[in-house]
Protein chains: 2
Amino acid sequence: MSRVSLKDIAQSADVSISLVSKVLNNRLGTTGVSPELADKIRQQAEKLHYRQNASAIALRQGRHDVIGVIIHRYGEPGSGLVENMVEGISSIARSRQKKLILNFVETDEEFLEICKSAHQGNMDGMIIGGLPHMKLKSSIARLRENGLPIVTIHDRPIHAEIPNVGIDQAAIGGLATLHLVEQGCTRIAHIFHNEKRHDGYTDAMGEAGLAVEPELLFNAGTMRYSYLAGETAATAFLDRKCGFDGIVCDSDQQAAGVINLLQERGIRVPQDVKVTGMDNAPFCEYIRPSITSISQKTRNAGELAMHMFLEMESGGRVEGAMLEPELFVRQSSGGNGE
Amino acid sequence: MSRVSLKDIAQSADVSISLVSKVLNNRLGTTGVSPELADKIRQQAEKLHYRQNASAIALRQGRHDVIGVIIHRYGEPGSGLVENMVEGISSIARSRQKKLILNFVETDEEFLEICKSAHQGNMDGMIIGGLPHMKLKSSIARLRENGLPIVTIHDRPIHAEIPNVGIDQAAIGGLATLHLVEQGCTRIAHIFHNEKRHDGYTDAMGEAGLAVEPELLFNAGTMRYSYLAGETAATAFLDRKCGFDGIVCDSDQQAAGVINLLQERGIRVPQDVKVTGMDNAPFCEYIRPSITSISQKTRNAGELAMHMFLEMESGGRVEGAMLEPELFVRQSSGGNGE
DNA sequence: TTGTATGCGTTATCAA
DNA sequence: TTGATAACGCATACAA
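Counting starts from 1 at the beginning of each chain's written sequence and moves along it residue by residue. By the order in which they are written, chains take letters starting at A while ligands take numbers starting at 1. Restriction of local features to residues with pLDDT of at least 70 applies here, the model being predicted, together with a cutoff of 80 or more for giving and counting side-chain atom pairs; totals for whole chains, interfaces and linings are based on all residues. The side-chain figures draw on all heavy atoms in the structure; neither hydrogens nor water molecules are used.

As a further point, take unusual backbone geometry. A cis geometry characterises the amide bond from Val269 of chain A onward to Pro270 of chain A, with omega recorded as 10°. Relative to the helices and strands, Pro270 of chain A resides in the loop between α11 (252–264) and β9 (274–276). Looking along the chain, the bond that leaves Arg288 of chain B and enters Pro289 of chain B is cis, with omega of -5°. Within the secondary structure, Pro289 of chain B sits in the loop between β9 (274–276) and β10 (293–295). Unlike most non-glycine residues, Asn280 of chain A shows phi in positive territory, near 55°. In this fold, Asn280 of chain A is placed in the loop between β9 and β10 (293–295). In the Ramachandran plot, Lys241 of chain B falls in the positive-phi region, its phi being about 50° despite a non-glycine side chain. Lys241 of chain B sits in the exposed class, given a relative accessible area of 73%. Helix and strand definitions follow DSSP, with helices as H or I runs of at least four residues and strands as E runs of at least two, each counted in order from the N terminus. Partly exposed residues are those whose accessible area sits between 20% and 50% of the maximum for their type, while under 20% is buried and over 50% is exposed, using a 1.4 Å probe and protein chains only.

Laid out in structure tokens, this is it:
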């Protein structure tokens with residue numbers, strides 16, 4: 001039961017293939033067709049359940065309406081960071097009738113494999129997001145130089161010629177810190193893993209005239225953004241007796257760990273210590289106290305990247321963009337949110 | 001800067017196109033090639049950065065190595081249900097060098113659109129998951145009848161000829177209920193939205209010789225699986241003074257809502273009331289008490305569906321499968337977990 | 001050991 | 001108003 005092609009329609013309608021093609025595409029050009037014949041052709045096409053063969057069109061026209069999406073996942077499970085990004089990309093793609101080939105990669109090898117297939121000509125371009133593969137910078141740049149439209153969603157651009165949608169991580173760190181300052185905290189501790197955000201914290205502390213003392217800092221190290229990092233850090237801060245009244249966490253998971261541990265030890269959040277998370281994960285609403293957090297807006301990033309891609313594809317000159325983080329005030333920082 | 005084709009290599013190596021094709025594919029058949037010439041060809045291919053044109057191959061061979069994945073999202077944000085399913089599908093796909101065209105759909109129209117393009121011949125088949133589109137049953141069945149391999153991941157098969165990877169929802173409801181029975185609960189309330197799970201609850205209660213009274217039931221209705229449904233239900237159970245000592249929730253969000261509300265009202269979980277969630281979302285670990293939950297194993301479902309698809313594609317006869325849910329005991333049910 | 005010819009399904013150019 | 005033909009890039013049966 002092979003597929004129905006223009007040829008089959010042509011035969012059953014007793015006309016030429018090219019005429020069928022013209023009629024079905026409403027692309028008659030200079031030529032005209034008698035209405036009855038056109039109808040007959042369309043009817044046959046309908047009857048035989050004709051569908052275009054995308055491969056043939058791609059071969060013929062050199063375009064595919066397929067965009068490769070390569071994402072190196074990041075964020076703890078439940079953060080929703082990647083899911084929102086994909087959702088953003090995908091919503092715009094659908095509205096523009098573009099198909100998405102989605103690839104989750106982890107290693108450089110996997111990434112490279114996709115890049116190859118990118119130039120294998122089954123996609124019109126790529127949107128690359130998540131953790132950057134800096135080692136593949138030149139491979140990616142080469143694809144771009146060969147004319148493949150590429151947009152990235154990383155913290156910073158990987159190449160001058162490849163527009164990037166990023167978010168100002170330093171601003172995120174600063175925003176959280178500033179919020180706690182405004183809430184009246186003066187001894188603000190910081191669990192950090194992301195360097196830029198740490199810079200943001202440091203700068204904000206400086207601007208507020210507050211001291212950044214080593215005993216207020218905890219490097220998450222291999223615990224990264226995990227719940228465990230939060231528990232461990234909170235324990236450390238308590239052990240150090242550093243008299244903290246606020247903690248800027250580097251993830252919502254860390255914040256959850258901090259909050260649970262502090263409360264277990266009889267310390268009240270937010271009355272005694274105010275806490276902020278990062279990423280605005282859905283579960284921020286469920287923890288008690290609910291977690292004040294900062295959205296990285298990966299959904300917006302995905303949408304914007306797709307728009308930029310489309311612009312780029314149609315020959316436009318595209319500039320990179322930087323998104324502004326957004327603060328969601330909830331109970332854990334003692335704000336008036338929720 | 002057009003793409004490099006076999007022709008370009010043939011010209012630059014001064015041989016025929018077909019020979020280049022044979023050499024590059026190591027598909028010499030009966031014919032032999034002198035080693036030097038083969039080397040020369042390969043060198044030229046390398047030098048010119050030759051990449052196959054996937055569209056041409058698809059056209060020629062009638063296969064694409066592309067599988068359409070259509071998912072109608074379900075589960076509250078943060079449940080990870082869909083993400084895990086995609087992850088499962090995608091991990092197997094990658095290991096088999098298959099590309100995935102991922103589509104998130106909501107409406108029947110969107111779904112139908114994809115089905116069209118499915119038969120447009122740009123994919124070798126489809127894996128359909130998430131909420132079923134029963135109205136499109138026949139459209140999907142038609143695709144299958146036309147020879148397109150299709151596997152679904154729904155609660156139950158939509159068509160006899162389309163193998164499904166499901167999970168026994170009734171078993172899930174039963175498992176949660178049984179667990180609370182084993183924990184010593186005798187007045188077990190149920191917040192329900194999913195009918196099958198509700199049946200499981202009812203049956204398990206019956207088998208345990210426990211009464212299922214209307215005052216122990218709360219239909220989530222339009223609140224579905226939300227946190228709000230949990231809060232509202234818990235409030236209702238309290239108002240009814242129905243003397244409950246356990247609550248089987250229909251989602252982890254509901255469970256979080258229940259737990260937070262009960263604790264606000266001074267009721268201890270799990271000492272006074274034991275609670276179970278559903279879906280085993282990542283945040284189950286973060287709530288205090290942590291939430292006992294049941295995994296639907298959507299990651300496994302995704303992996304299995306992909307395996308079945310591949311089997312089906314290669315002509316094998318494939319049977320549907322039913323996964324067993326898995327209980328994760330944590331604090332909220334007073335188990336010895338965590 | 002190498003090359004020629006054909007066709008996959010489509011569209012565009014040109015001829016009738 | 002309609003049709004024949006070439007071309008997209010590739011793989012294969014067959015000829016040399």
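Looking now at the packing of aromatic side chains. Under the pairing criterion, centres of Phe, Tyr and Trp rings, with the six-membered ring standing for Trp, must be within 6.5 Å; the plane angle then separates stacked pairs below 30 degrees from edge-to-face pairs above 60, leaving the rest tilted. In this structure the tally under the stated criterion is eight aromatic pairs over all chains. Taking 5.7 Å as the distance between ring centres and 50° as the angle between the ring planes, the aromatic pair formed by Phe237 of chain A and Phe244 of chain A counts as tilted. We classify Phe237 of chain A as buried; its relative accessible area is 0%. Measuring from ring centre to ring centre gives 6.4 Å for Phe218 of chain B and Phe237 of chain B, while their planes differ by 75°; the resulting arrangement is edge-to-face. Taken as a pair, Phe218 of chain B in strand β7 (residues 217–219) and Phe237 of chain B in helix α10 (residues 227–240) lie far apart in primary sequence, 19 residues in all.

With that settled, consider the environment of Ala256 of chain A. Within the fold, Ala256 of chain A resides in helix α11. Of the residues examined, Ala256 of chain A reaches a relative accessible area of 0% and is grouped as buried. Contacts between residues were defined by any pair of non-hydrogen atoms, one from each residue, lying within 4.5 Å. Beyond its immediate stretch of four places on either side in the chain, Ala256 of chain A contacts Tyr227, Phe283, Ile287 and Ile291 of chain A together with Tyr286 of chain B.

Here we come to the protein's contact with DNA strand D. Being near a molecule or strand, for a residue, comes down to having at least one heavy atom within 4 Å of it. As a structural note, the neighbourhood of DNA strand D is formed by 26 residues, with Lys22 and Ser34 of chain A together with Leu6, Tyr50 and Arg60 of chain B the closest of them. Protein-adjacent atoms of DNA strand D, using a 4 Å cutoff, are sugar or phosphate at a proportion of 61%. Polar contacts here mean pairs of N or O atoms no more than 3.5 Å apart (in protein, one a potential hydrogen donor and the other a potential acceptor; neighbouring residues in sequence count only if both atoms are side-chain atoms). The contact in question runs from a phosphate oxygen of DNA strand D to an N or O atom on the backbone of Leu6 of chain B, over 2.5 Å. Between DNA strand D and Ser21 of chain B there is a distance of 2.9 Å, counted from a phosphate oxygen to a side-chain nitrogen or oxygen. At the level of elements, α2 (17–25) and α4 (54–61) of chain A together with α2 (17–25) and α4 (54–61) of chain B are the ones that each hand at least two residues to the surface near DNA strand D. Among the residues forming the surface near DNA strand D, the class breakdown is nine nonpolar, 12 polar and five charged. In the scheme used here, Gly and all other residues not listed as nonpolar or charged are polar, with Ala, Val, Leu, Ile, Met, Phe, Trp, Tyr, Cys and Pro taken as nonpolar and Asp, Glu, Lys and Arg as charged.

Working note: regular strand, side chains alternate between the two faces of the sheet. All names here are of chain B. Burial of strand β3 (residues 125–130) is extensive: six of the six residues sit out of reach of the surface. At least two DSSP bridges between two strands are needed for those strands to be called paired. In the sheet, strand β1 (residues 66–72) pairs with β3 via six bridges, with the strands oriented parallel. The residue bridging Val69 from the neighbouring strand is Ile127, located in β3. Relative to strand β4 (residues 150–153), β3 runs parallel, the two being bridged by four bridges. Directly across from Gly129, in β4, lies its bridge partner Ile153. Note on the crossover from β3 through helix α7 (residues 137–145) to β4: the handedness is right-handed. Handedness of a crossover is defined as follows: with both strands directed away from the viewer, a clockwise route from the first strand across the helix to the second makes it right-handed.

All right, on to the relation of the copies chain B and chain A then. To line up the copies, we fit them by least squares on C-alpha atoms, keeping just the residues with pLDDT of at least 70 in both. Rotating chain B by 180° and translating it 0.1 Å along the rotation axis places it on chain A, where the RMSD comes to 0.2 Å. Within this description, the copies of the chain are treated as partners about a two-fold rotation axis. Here 98% of the contact residues of chain B are again contact residues in chain A; the copies associate through an equivalent surface.

Now for the sheet that holds β9 of chain A. Residue and element names in this part refer to chain A. Read from one edge of the open sheet, four strands run β7-β6-β8-β9, paired in parallel fashion. Of all strands in the sheet, those with a lone pairing partner are β7 (217–219) and β9, marking the two edges. Across the sheet, the mean angle from the axis of one strand to that of its neighbour is 15°, orientation sign disregarded. With respect to the sheet, helix α10 (residues 227–240) is in contact with β6 (188–192), β7 and β8 (246–248), its orientation differing from that of β7 by roughly 145°. For helices, the axis comes from a line fit to the C-alpha atoms of the stretch in contact; other axes are also lines fit to C-alpha atoms, and the angle between any two N-to-C directions lies between 0 and 180 degrees.

Once that is clear, we can look at the protein's contact with DNA strand C. Taken together, 27 residues form the shell around DNA strand C, and within it Leu6, Tyr50 and Arg60 of chain A together with Ser18 and Lys22 of chain B come nearest. Sugar and phosphate atoms represent 59% of those atoms of DNA strand C found within 4 Å of the protein. With respect to DNA strand C, the side chain of Tyr50 of chain A contributes an N or O atom lying 2.4 Å from a phosphate oxygen. Within the contact set of DNA strand C, a base oxygen lies 2.9 Å away from a side-chain nitrogen or oxygen of Ser18 of chain B.

As a further point, take a negative patch on the surface. A surface patch of like charges, here negative, comprises Glu195, Asp199, Asp203 and Glu207 of chain A. In this fold, Asp203 of chain A is placed in helix α9 (residues 195–207). Only residues whose relative accessible area exceeds 30% and that take part in no salt bridge are eligible for patches, with like-charged residues grouped when within 9 Å of each other and nonpolar side chains (Val, Leu, Ile, Met, Phe, Trp, Tyr) grouped when within 5 Å. Accessibility throughout is a Shrake-Rupley quantity obtained with a 1.4 Å probe, and a residue counts as covered only by protein chains that appear here. Criterion for a salt bridge: a side-chain nitrogen of Lys or Arg within 4 Å of a carboxyl oxygen of Asp or Glu. His is not counted, nor are the chain ends, whereas Lys and Arg count as positive and Asp and Glu as negative. In plain terms, the charge of a residue is placed at NZ if it is Lys, CZ if Arg, CG if Asp and CD if Glu.

Across the contact, 47 residues belong to chain B and 47 residues belong to chain A. Interface area for chain B against chain A, summed over the two sides, is near 4200 Å², with a carbon-plus-sulfur share of 56%. On inspection of chain B and its partner chain A, the count reaches four salt bridges. Along the contact surface separating chain B from chain A lie 11 residue pairs in polar contact (both at pLDDT 80 or more). No other element matches the seven residues that helix α6 (residues 108–122) of chain B contributes to the side of chain B that touches chain A. Here the quantity called buried area is the accessible surface, traced with a 1.4 Å probe, that two parts lose on coming together, added over both.

Residue and element names in this part refer to chain B. As a packed pair, helix α1 (residues 6–13) and helix α3 (residues 35–47) sit with axes 9 Å apart at the nearest point and diverge in direction by 125°. Relative to α3, the element α1 lies oblique. Once α1 is placed against α3, the crossing between them reads as right-handed. Packed against α1, whose contacting residues are Ile9, Ser12 and Ala13, the element α3 presents Lys40, Ile41, Gln44 and Ala45 at the interface. Its residues assigned to classes, the contact of α1 with α3 shows four nonpolar, two polar and one charged. Oblique is the label for any angle not covered by the other classes, which are roughly parallel (under 35 degrees), roughly antiparallel (over 145) and roughly perpendicular (65 to 115). Definitions for this section: a left-handed crossing has its near helix turned counterclockwise from the far helix by less than a right angle. A right-handed crossing has that turn clockwise.

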